[in-house]
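As a plain string of letters, each chain reads:
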Amino acid sequence: MKREDVMLIDIHAHTTQKVLWGLHTESAKLVDLEKEARLHDVRKTILLATYFPFKGTGLHNHELLKAVAGNDQFLVFGSLDVMNDLAGGVKELEQLLSQHRLAGIKLYPGYQDFKSMEVITPVLELASKYHVPAMFHTGELHHCCPKALRDSGQGKCGEVCWIDKLQWQASPIWLAQAPRAFPEVKFIFSHLGNPYFDQLRMVISELPNVYTDISGQFLSGTEEDSEEYLKQIQLELEQLLRIPGAEDRVFFGTDFPIQSYESSIAIVEGLNVSDVVKEKIRWKNAASLLRLEEVINASPH
């Protein structure tokens, strides 16, 4: 198979200047993502702005946009701090969307306390107004503190671990309120909803404006990265793909630097589905959603 026949669009990636540990790579700088793009024929990489108020970390909109300015490899999904500056965040997102600087919006339920879905109505109204997708973190929330510190009440959040307390906000069933209220907006429930695979299948069966991606299923290069678990993920995804229309609503993604490109490619290539469906997942579905005519026109098909 020729290289151009297996091109990719990565709809879910991150970058940082920090040195990483405990992952398959020690670096997730833009130069690393560009190297991966050349190696695996990634035609577009969608980078997500991050706002983690409990953790006290994040790569915010203007900082990320400045980093990728003039680099056609990257598109950006903007975000905001719903908890501490909702009004300011909405204003900033509208300004950036009106300037065509964002390809979508990423939201972090559970990593931020949304309290109710009505809180983010102004954000979803922007997605509707500017015809961009809204992506939710969906599924497992990852802690910022070691378990020993959390159990002793010495974690960043103090006596209460808010990541544990707010896990319910990242469940597909709870998040489904948004696509019901905004049927004209396309929603990406990321990470296959892992571990809420059954919930995600229910939601995708009901709501035609809900999509998902295969990113962040496991930490590549760790004990999670096993043949047994890879097969489990593939079986869950194959069940999802049996839902009518679902093959058009699954995207390739990595959650780089969490999941490697090799791991993400292996998930798709090992599926018991047709080559046509694999191609949709690898790039066609994302190219259609994001209206990436230049990618579609460059395709050999």
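Everything here concerns the structure above.
For the structure given in this document, a descriptive report is provided here. (Residues numbered from 1 in each chain as written. Predicted model: local features only at pLDDT ≥ 70, side-chain atom pairs only at ≥ 80, totals over all residues. Heavy atoms only, no water.)

**Some words on helix H12 (residues 275-289)**
Basically, it comes down to this: Counting from the N terminus, the helices are the DSSP runs of H or I reaching at least four residues and the strands are the DSSP runs of E reaching at least two. Helix span is expected to be 1.5 Å times the residue number reduced by one. At any given residue, the bend is defined as the angle formed between two axes, one fitted to the seven residues that end at that position and one fitted to the seven that begin there. The rule is simple: take the accessible area with a 1.4 Å probe, protein chains only, and divide by the maximum for that residue type; under 20% is buried, over 50% is exposed, in between is partly exposed.
Across its 15 residues, H12 extends 20 Å between first and last C-alpha, which sits within 8% of the 21 Å expected from 1.5 Å per residue. Remark: the principal bend of H12, roughly 55°, maps to Ile281. For H12, the buried fraction is high: 11 of the 15 residues fall into the buried class. Inspection of H12 places Val277, Lys278, Glu279, Lys280, Ile281, Arg282, Trp283, Asn285, Ala286, Ala287 and Leu289 among the buried residues, and these make up the whole buried set. Trailing H12 by a residue or two, Arg291 shows a phi angle of about 55°, which is positive.

**Remarks on the nonpolar core**
Filter applied, for reference: The term nonpolar core refers to a set of buried residues drawn from Ala, Val, Leu, Ile, Met, Phe, Trp, Tyr and Cys, joined through side-chain atoms within 4.5 Å. Should any heavy atoms of two residues lie within 4.5 Å, those residues are counted as being in contact.
One finds Ile105, Leu107, Ile120, Phe136, Phe187 and Leu237 to be the most contacted residues of the largest nonpolar core, which totals 69 residues. Considering every element that reaches this core, the biggest residue donor is helix H10 (residues 227-241), with five residues. Excluding residues within four positions of it along the chain, Leu237 makes contact with Leu192, Ile214, Val250, Ile267 and Leu271. Ranked by size, the runner-up nonpolar core spans 25 residues in total, among them Ile46, Tyr111, Ile163 and Val295.

**Brief notes about the environment of Gly56**
With respect to the secondary-structure elements, Gly56 resides in the loop between strand E2 (42-48) and helix H2 (61-68). For Gly56, a relative accessible area of 65% puts it in the exposed group. With 88 residues separating them along the chain, Gly56 and Cys144 place their C-alpha atoms 9.7 Å apart.

**Re the sheet that holds strand E1 (residues 8-13)**
Quick reminder of the rule: Strands are treated as partners if at least two bridges between them are detected by DSSP.
As summarised here, the arrangement of the eight strands in space is E1-E2-E3-E4-E5-E6-E7-E8, forming an open sheet in which the pairing is parallel. Every other strand in the sheet has two partners, leaving E1 and strand E8 (250-251) as the edge strands with one partner each. For E2 and strand E3 (residues 74-78), the ladder comprises four bridges, and the chain directions are parallel. Residue pairing across strands places Leu48 opposite Phe77, the latter belonging to E3.

**Things to note about the side chain of Arg201**
This is how it is decided: Any pair of N or O atoms that falls within 3.5 Å is considered a polar contact. Within protein, one atom must be able to donate a hydrogen and the other to accept it, and sequence-neighbouring residues count only if both atoms are side-chain atoms.
You can see Arg201 is positioned in helix H9 (residues 197-206). Judged by its relative accessible area of 12%, Arg201 is buried. Side chain to side chain, Arg201 and Asp198 meet in a polar contact 2.3 Å long. Separated by 2.9 Å, the side chains of Arg201 and Glu236 make a polar contact.

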